[in-house]
Amino acid sequence: MSWAGPDDVYLSTSLASYLDIVWGPYTSFYAAEKLLVLLRDGRKLMGTLCSFDQFANAVLESACERVIVGDLYCDIPLGLYVIRGENVVLIGELDLEREELPPHMTRVSVAEIRRAQKAEREASDLKGTMRKRMEFLDLD
C-alpha cells in the first residue's frame, strides 16, 4: 500500500475519491479509524467513521464535539452523528498513540465550557462595539 506524501495534491472535492486514492482497496479497513472533522462553522467533531458517500456526507459513531476556549477544553458527547458533506472543511485521521492536546490544556465540564464560551463571545462583542465607537478617529 502506498501512502500519500506531503507533495501529493488532490484536486477532487469528493471524500470517496480521496479515500480511494489514498487508501484504495483498504478503505473498508480504515472506515473504523478515529477521525477529526472540521466544519464550516468552526466546530471540531471527533468520532469513528462508519460510512461516507461521494458527496462527503459522513456518519460518525461515538462522536463528540471538542470545544476549546483558551486553555480549557471539553468533549461533548453526541453519539451517532450524520454530517452533511457541504459543511465539511477538513477530515483527518487521529493518531491514537500521540497525545491529543498539549499538557497545559485543562479538561472542564460542559457547563464550565459554556460559561467560558459566553464570556469569550461577550468580550469579542465588546471589542467590536468599542472599535465602532472609535471609527471617527480614523487612525489609519
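Residues numbered from 1 in each chain as written. Predicted model: local features only at pLDDT ≥ 70, side-chain atom pairs only at ≥ 80, totals over all residues. Heavy atoms only, no water.

### Observations regarding the overall build of the chain
Piece 1. Within the chain, the regular secondary structure consists of three helices and six strands.
Piece 2. The N-to-C order of helical and strand elements in the chain reads α-α-β-β-β-β-β-β-α.
Piece 3. Taken across its 140 residues, the chain has 28% of its residues classed as buried.
Piece 4. Considering only residue pairs separated by 6 or more positions, the chain has 50% of its internal contacts joining residues 24 or more positions apart.
Piece 5. With an accessible surface of roughly 9,900 Å², the chain has 54% of that area assigned to carbon and sulfur atoms. (Helix = DSSP H or I, 4+ residues; strand = E, 2+ residues; numbered from the N terminus. Buried < 20%, exposed > 50% of the residue type's maximum accessible area, 1.4 Å probe, protein only. Contact = heavy atoms within 4.5 Å. Areas by Shrake-Rupley, 256 points an atom, 1.4 Å probe, with all protein chains shown as cover.)

### What to know about the sheet that holds strand E6 (residues 106–107)
What links the strands of a sheet is backbone hydrogen bonding, and the strands pair in either a parallel or an antiparallel sense.
Piece 1. One open sheet accounts for six strands, arranged E5-E1-E2-E3-E4-E6; its pairing is mixed. Each edge of the open sheet carries a strand with a single partner, namely strand E5 (88–93) and E6.
Piece 2. Direction of pairing for strand E3 (residues 58–69) relative to strand E4 (residues 72–83): antiparallel, over a ladder of 10 bridges. Each residue of the ladder has a partner; that of Ala58, found in E4, is Ile83.
Piece 3. Against the sheet, helix H3 (residues 110–134) touches E3 and E4, its axis set at about 105 degrees to E4. (Pairing = 2+ DSSP bridges. Axes fitted to C-alpha atoms, helices over the stretch in contact; angles between N-to-C directions.)

### Describing the pairing of strand E1 (residues 34–39)
Piece 1. Every second residue of E1 is oriented toward a common face, the buried set being Leu35, Val37 and Leu39 and the non-buried set Lys34, Leu36 and Leu38.
Piece 2. Counting the residues in the hairpin turn of E1 and strand E2 (residues 44–52) gives four residues, including Gly42, whose phi is positive at 95 degrees.
Piece 3. Pairing geometry for E1 and E5, over five bridges, is antiparallel. When the bridges of E5 are listed, Leu35 appears paired with Glu93.

### Notes on the environment of Pro103
Piece 1. Mapping Pro103 onto the fold places it in the loop between E5 and E6.
Piece 2. Along the backbone, Pro103 and Asp71 are 32 residues apart, and their C-alpha atoms lie at a distance of 9.8 Å.

### Observations concerning unusual backbone geometry
Piece 1. Positive phi, normally seen in glycine, also occurs at Ala56, with a value near 70 degrees.
Piece 2. On the secondary structure map, Ala56 appears in the loop between E2 and E3.
Piece 3. Non-glycine residue Ser62 carries a positive phi angle of around 55 degrees.
Piece 4. With respect to the helices and strands, Ser62 occurs in strand E3.
Piece 5. With a relative accessible area of 56%, Ser62 lands in the exposed category.

### Brief notes about the environment of Gln54
Piece 1. Secondary-structure assignment places Gln54 in the loop between E2 and E3.
Piece 2. Among the residues examined, Gln54 registers a relative accessible area of 48% and is labelled partly exposed.
Piece 3. Remark: the alpha-carbon pair of Gln54 and Gly85, spanning 31 residues in sequence, is separated by 8.8 Å.

### Topic: the nonpolar core
Piece 1. Listed in full, the 10 residues of the largest apolar core are Leu35, Val37, Leu39, Leu45, Leu49, Ala58, Leu60, Ala63, Ile83 and Val88.
Piece 2. Broken down by secondary-structure element, the contributors of at least two residues to this core are E1, E2 and E3.
Piece 3. By size, the runner-up hydrophobic cluster in this structure holds seven residues, among which are Val67, Cys74, Ile76 and Val108. (Core = buried A, V, L, I, M, F, W, Y, C linked by side-chain atoms within 4.5 Å.)

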